[in-house]
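The lines below spell out each chain.
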Amino acid sequence: MFVMQHYRISWEEALHLVQNRRYCISPNGGFLTQIKEYEAIYKANVAMASFPRSHQTVSRRKRGDDDEDDDDDREDDRKRPLIEAVDPHGQQDPNAMET
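Side note on the nonpolar core
Then, number 1: With eight residues, the main nonpolar core is built from Val3, Met4, Ile9, Trp11, Ala14, Leu15, Ile35 and Tyr42.
Then, number 2: Listed by contribution, the elements that provide at least two residues to this core are α1 (2–7), α2 (11–21) and α3 (29–50).
Then, number 3: Excluding anything up to four places from it in sequence, Tyr42 contacts Met4, Gln5, Arg8 and Ile9.

Observations regarding α3
Then, number 1: Taking 1.5 Å of rise per residue, 22 residues should cover 32 Å, and α3 covers 32 Å from first to last C-alpha, within 8% of that figure.
Then, number 2: Of the residues making up α3, those classed as buried are Ile35, Glu39 and Tyr42. Seen from one end, α3 has its buried residues packed into an arc of 80°, which puts them on one side. Residues of α3 that are exposed and point over 90 degrees away from its buried face: Glu37, Ala40, Ile41, Asn45 and Met48.
Then, number 3: In this structure, the buried residues of α3 make contact with α1 and α2.
Then, number 4: Capping the start of α3, Asn28 holds a side-chain oxygen 3.3 Å from the backbone nitrogen of Gly30, two or three residues further along.

Reading the values: rules and limits
Residues numbered from 1 in each chain as written. Predicted model: local features only at pLDDT ≥ 70, side-chain atom pairs only at ≥ 80, totals over all residues. Heavy atoms only, no water. Core = buried A, V, L, I, M, F, W, Y, C linked by side-chain atoms within 4.5 Å. Buried < 20%, exposed > 50% of the residue type's maximum accessible area, 1.4 Å probe, protein only. Helix = DSSP H or I, 4+ residues; strand = E, 2+ residues; numbered from the N terminus. Contact = heavy atoms within 4.5 Å. Expected span 1.5 Å × (residues − 1). Arc of directions from axis to C-beta. Polar contact = N/O pair within 3.5 Å; in protein donor to acceptor, adjacent residues only side chain to side chain.

In structure tokens, the structure reads:
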């Protein structure tokens with residue numbers, strides 16, 4: 001795995017390179033499976049590193065940029081009760097919720 005990454009070669013090329021230097025090595029099937037899986041991960045990391053990171057710019061509107069009229073309207077909306085508990089004639093509305 002080190003040889004693959006250091007020389008930027010495939011698992012087969014790395015295996016042949018190492019075997020040409022050390023004739024006595026004979027990796028077992030489990031190791032060969034792992035190195036094949038690692039090659040896919042390694043190549044994906046190299047591909048991702050070759051692309052420049054794009055900075056996505058998201059424009060956000062700050063509260064300070066809002067118009068003052070909009071702020072006043074919002075405050076007025078919050079101050080208004082949803083249901084008048086007393087009708088204009090001074091009668092209590094029996095369907096109104098108590099606060």
